[in-house]
Amino acid sequence: MILELDCGNSFIKWRVLESSEASACAEGIAGSDASLIDSLVALPDLLLTRCRLVSVRALEETDKLVAALVDAFGVTVSCAGPEREMAGVRNGYEDFERLGLDRWLAMLGAFKLASGACLVLDFGTAATADFISSDGEHLGGFICPGMPLMRNQLRTHTRKIRYGDAAAERALERLSPGRTTVEAVERGCTLMLRGFVLTQLELARSYWGDDFTVFLTGGDAELVSDAAPQAQLVPDLIFVGLAMACPLS
Ligand SMILES: Nc1ncnc2c1ncn2[C@@H]1O[C@H](COP(=O)(O)OP(=O)(O)O)[C@@H](O)[C@H]1O
Ligand SMILES: CC(C)(COP(=O)(O)O)[C@@H](O)C(=O)NCCC(=O)O
Ligand SMILES: [K+]
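Thresholds, definitions, all that
- Residues numbered from 1 in each chain as written.
- Chains lettered and ligands numbered in written order.
- Predicted model: local features only at pLDDT ≥ 70, side-chain atom pairs only at ≥ 80, totals over all residues.
- Heavy atoms only, no water.
- UniProt positions renumbered as here; feature names shortened; annotations may be inferred.
- Pairing = 2+ DSSP bridges.
- Helix = DSSP H or I, 4+ residues; strand = E, 2+ residues; numbered from the N terminus.
- Axes fitted to C-alpha atoms, helices over the stretch in contact; angles between N-to-C directions.
- Contact = heavy atoms within 4.5 Å.

Going by an unreviewed UniProt entry, the chain carries the name Type III pantothenate kinase and comes from Pseudomonas libanensis. Taken verbatim from the UniProt record of the chain, the Pathway (unreviewed entry) comment is "Cofactor biosynthesis; coenzyme A biosynthesis; CoA from (R)-pantothenate: step 1/5." One UniProt comment on the chain, placed under Catalytic activity (unreviewed entry), says "(R)-pantothenate + ATP = (R)-4'-phosphopantothenate + ADP + H(+)".

Laid out in structure tokens, this is it:
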């Protein structure tokens with residue numbers, strides 16, 4: 001069995017595959033290394049042989065997680081690393097090693113699925129956009145605060161914006177102007193992200209007309225999907241790229 005991990009700034013997304021070609025037989029989201037290991041240990045009949053992961057965390061943090069996995073399961077762990085070029089996609093950063101590895105893998109996955117120009121939008125801790133032309137050239141991208149960062153900045157830097165998770169979830173049932181603080185903030189931040197989506201779509205259209213595929217991924221992708229009805233919602237896009245970057249043969 002293969003363990004796949006996508007270590008973002010907020011959460012570790014994980015899944016277990018029977019083999020490289022199979023679909024996931026278990027999956028989840030963990031808030032810490034310890035809770036990841038607890039969830040895995042709780043799986044019946046888990047027999048991990050390999051693990052591949054991508055991390056945007058600090059090297060020491062990633063190393064600590066790898067050591068914990070080796071310790072708990074005795075697996076060999078391969079980590080996706082930066083590349084100038086792979087699977088027909090050319091990294092467009094001036095310094096290719098600085099491009100976030102989650103963005104890179106999502107791009108590899110998107111270009112494979114689209115076989116043409118694509119716009120990749122990822123809504124995690126940060127919101128990111130990346131542009132890949134039909135010949136695989138990465139034109140670059142944009143990074144801005146995602147939903148968790150926007151709401152936390154408001155909570156941290158104001159005196160009177162305080163509310164709980166349950167109220168936040170209820171507030172997003174509609175997007176009409178808010179009549180409570182929680183509604184005003186949650187809906188306001190959601191509209192900011194939708195505005196981001198619309199701007200990226202406009203730019204993509206200016207490059208490629210209508211001849212491009214839009215991919216939405218990340219934990220908050222569904223919040224913005226109305227703004228891009230033509231987009232493909234692919235929650236596991238990073239895992240598609242991870243399998244390409246870390247083949248297990
Ligand atoms: N089932 C879920 N568990 C945890 N977070 C979720 C879930 N569904 C949506 N989210 C939201 O996804 C966001 C985090 O997205 P994610 O892609 O995991 O970020 P990152 O890769 O930066 O860790 C948070 O705003 C969180 O509220
Ligand atoms: C932009 C990101 C913070 C997004 O991380 P995430 O929201 O997925 O946790 C991450 O891809 C990153 O740390 N990138 C390095 C900087 C860059 O891509 O330019
Ligand atoms: K991510």
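Visitor: What's the story with the sheet that holds strand β4 (residues 50–55) in this structure? I'm lost.
Guide: Strand order in this open sheet of five strands is β3-β2-β1-β4-β5, and the pairing throughout is mixed. With partners counted over all chains shown, the strands left at the sheet margins are β3 (24–30) and β5 (76–79), one partner each. For this sheet the average axis-to-axis angle between neighbouring strands, irrespective of direction, equals 15 degrees. Here six bridges tie strand β1 (residues 2–7) to strand β2 (residues 12–17), and the two strands are oriented antiparallel to one another. Across the sheet, residue L5 finds its bridge partner in β2, namely W14. Helix-sheet contacts for helix α1 (residues 33–41) involve β1, β2 and β3, and the interaxial angle to β2 is about 25 degrees.

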